[in-house]
There are 2 protein chains.
Amino acid sequence: MSDFLIHSIKDSIRNIPDFPVKGVQFKDITTVLKMPELFSMIVDQMAAHYANMGITKIVAIESRGFIIGGALAYKLGVGFVPVRKPGKLPAETYTKKYDLEYGTDTLEIHRDALHDQDVVLLHDDLLATGGTSLAAIDLVKQSGVKKIFVSFIVELDFLKGRNRLCPPYEVFSLVHF
Amino acid sequence: MSDFLIHSIKDSIRNIPDFPVKGVQFKDITTVLKMPELFSMIVDQMAAHYANMGITKIVAIESRGFIIGGALAYKLGVGFVPVRKPGKLPAETYTKKYDLEYGTDTLEIHRDALHDQDVVLLHDDLLATGGTSLAAIDLVKQSGVKKIFVSFIVELDFLKGRNRLCPPYEVFSLVHF
């Protein structure tokens, strides 16, 4: 992708200081998603990156991961599988509890969502410390798939989340801060 | 769309009795979304229905509405705007409180997400009583747009939600129970 296009996306992300808590510079992607050209560009560039990797399922993390995740499933012509907060998925699930800065959180995936021949592209909007992604990867691994790739729209390089995922997982992010 | 395709989607929706509470027959669409052909079909049929209506923005309701909503924004080449639970959107919002069977709930939209020339396709996965959709419509109306259409994957006809929305809003659902 040309530097110009990357910069268009990066420049359109809105920075919100002290959200959701003091000291955090929140990267608000809604200002990008509402622009048709930028929305298409994100999907096209992600899909191009994964075009020849044999992806069979997009696994996306609730809630913001669902937006581009859904579009990617359509563009790549593959199935879509949600990873959700506890109590949201109605059938039998695998469950993963993980640590946050303060307290813990839990993610779930349906036990019948994936199978051993699936090549998964895990997608979320943002890579920070990598805790949420690691929990989601653990759920996908419990499902016993063939291979896992991981993608983000935005990566916060200074939090070094990439180092917790890669290796063994190839990580691709469109925009870096 | 051929009856055969509609039936493929309908037959692939999983019914979960007594979820999330006793007496409710929950319609689980995850069994549809994970199948590439059915996922594509949903997006293609929705997009075909709205192809010539001048849609400029998809407004989708958290969280399940984001999945097909994101794919629709891509397919139609328009922007994407999320309607979210309170405290999730970081900039200035319009807020709408609405009644549930027990208690109340609240939805929000960014004040700068839409403008007066927008033609909005509001999307959610399921139409039940219509309460959530009405609240989201109210938020879109506060933004002062030109026109609003409303779409769902699944409509529960016996709850008559359609009668609360239409007229004045045209409602399109792929599958009816």
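The structure this text deals with has already been given above.
Only a predicted model underlies this, so the values are computations on that prediction, with no experimental measurement involved.

Enquirer: Any chance you could explain the nonpolar core here in plain terms?
Expert: Within soluble globular proteins, side chains that are nonpolar generally end up buried alongside one another. Counting residues in hydrophobic clusters, the biggest one holds 68 residues, and the most contacted among them are A:Phe39, A:Ile58, A:Phe80, B:Phe39, B:Ile58 and B:Phe80. In contact with A:Phe39, not counting residues within four places along its chain, are A:Val32, A:Leu33, A:Ile67, A:Ile68, A:Ala71, B:Gly70, B:Ala73, B:Tyr74 and B:Phe80.

Enquirer: Is there a simple way to think about the pattern of salt bridges in this case?
Expert: For side chains bearing opposite charge, pairing can occur when the charged atoms are close. Here the structure, examined in full by the defined rule, presents 17 salt bridges over all chains. A salt bridge links A:Glu155 to A:Arg162; the shortest N-O distance between them is 2.8 Å. It is possible to trace a salt-bridge network through shared partners that takes in A:Arg14, A:Asp28 and B:Asp112.

Enquirer: Before we go on, may I ask you to explain the interface of chain B and chain A in this structure?
Expert: A common measure of how large an interface is: the accessible area buried when the components associate. Every contact between the two is made by 40 residues of chain B and, on the other side, 40 residues of chain A. Summed over both sides, the interface of chain B with chain A buries roughly 3,100 Å², with 61% coming from carbon and sulfur. Area buried by chain B at its contact with chain A is led by B:Lys34, B:Tyr74 and B:Pro90, which between them contribute 24% of it. Linking chain B with chain A are two salt bridges. Between B:Arg14 and A:Asp112 there is a salt bridge, and its shortest N-O distance comes to 2.6 Å. Linking chain B with chain A are 17 residue pairs in polar contact (both at pLDDT 80 or more), by the criterion used here. Counting only elements with at least two residues in the side of chain B that touches chain A, the list comes to strand E1 (14-17), strand E2 (25-28), helix H2 (30-33), helix H3 (36-49), helix H4 (65-76) and strand E4 (79-83) of chain B. Looking at which element gives the most residues to the side of chain B that touches chain A, the answer is H4(B), with seven residues. Classifying every residue of the side of chain B that touches chain A gives 21 nonpolar, eight polar and eleven charged.

Enquirer: What's the story with the environment of B:Thr132 in this structure? I'm lost.
Expert: Residue and element names in this part refer to chain B. With respect to the helices and strands, the residue Thr132 is situated in helix H5 (residues 131-142). Exposure remark for Thr132: the relative accessible area of 26% places this residue in the partly exposed category. Residues Thr132 and Pro17, 115 residues apart in the sequence, show an inter-C-alpha distance of 22 Å. If near-sequence neighbours (up to four positions away) are discounted, Thr132 is found in contact with Ile61, Tyr98, Leu107 and Asp124. At 3.4 Å, the side chain of Thr132 and the side chain of Tyr98 are in polar contact.

Criteria and thresholds
- Residues numbered from 1 in each chain as written.
- Chains lettered and ligands numbered in written order.
- Predicted model: local features only at pLDDT ≥ 70, side-chain atom pairs only at ≥ 80, totals over all residues.
- Heavy atoms only, no water.
- Core = buried A, V, L, I, M, F, W, Y, C linked by side-chain atoms within 4.5 Å.
- Buried < 20%, exposed > 50% of the residue type's maximum accessible area, 1.4 Å probe, protein only.
- Contact = heavy atoms within 4.5 Å.
- Salt bridge = Lys/Arg side-chain N within 4 Å of Asp/Glu carboxyl O.
- Buried area = accessible area lost by both parts, 1.4 Å probe.
- Polar contact = N/O pair within 3.5 Å; in protein donor to acceptor, adjacent residues only side chain to side chain.
- Helix = DSSP H or I, 4+ residues; strand = E, 2+ residues; numbered from the N terminus.
- Nonpolar A, V, L, I, M, F, W, Y, C, P; charged D, E, K, R; others polar.

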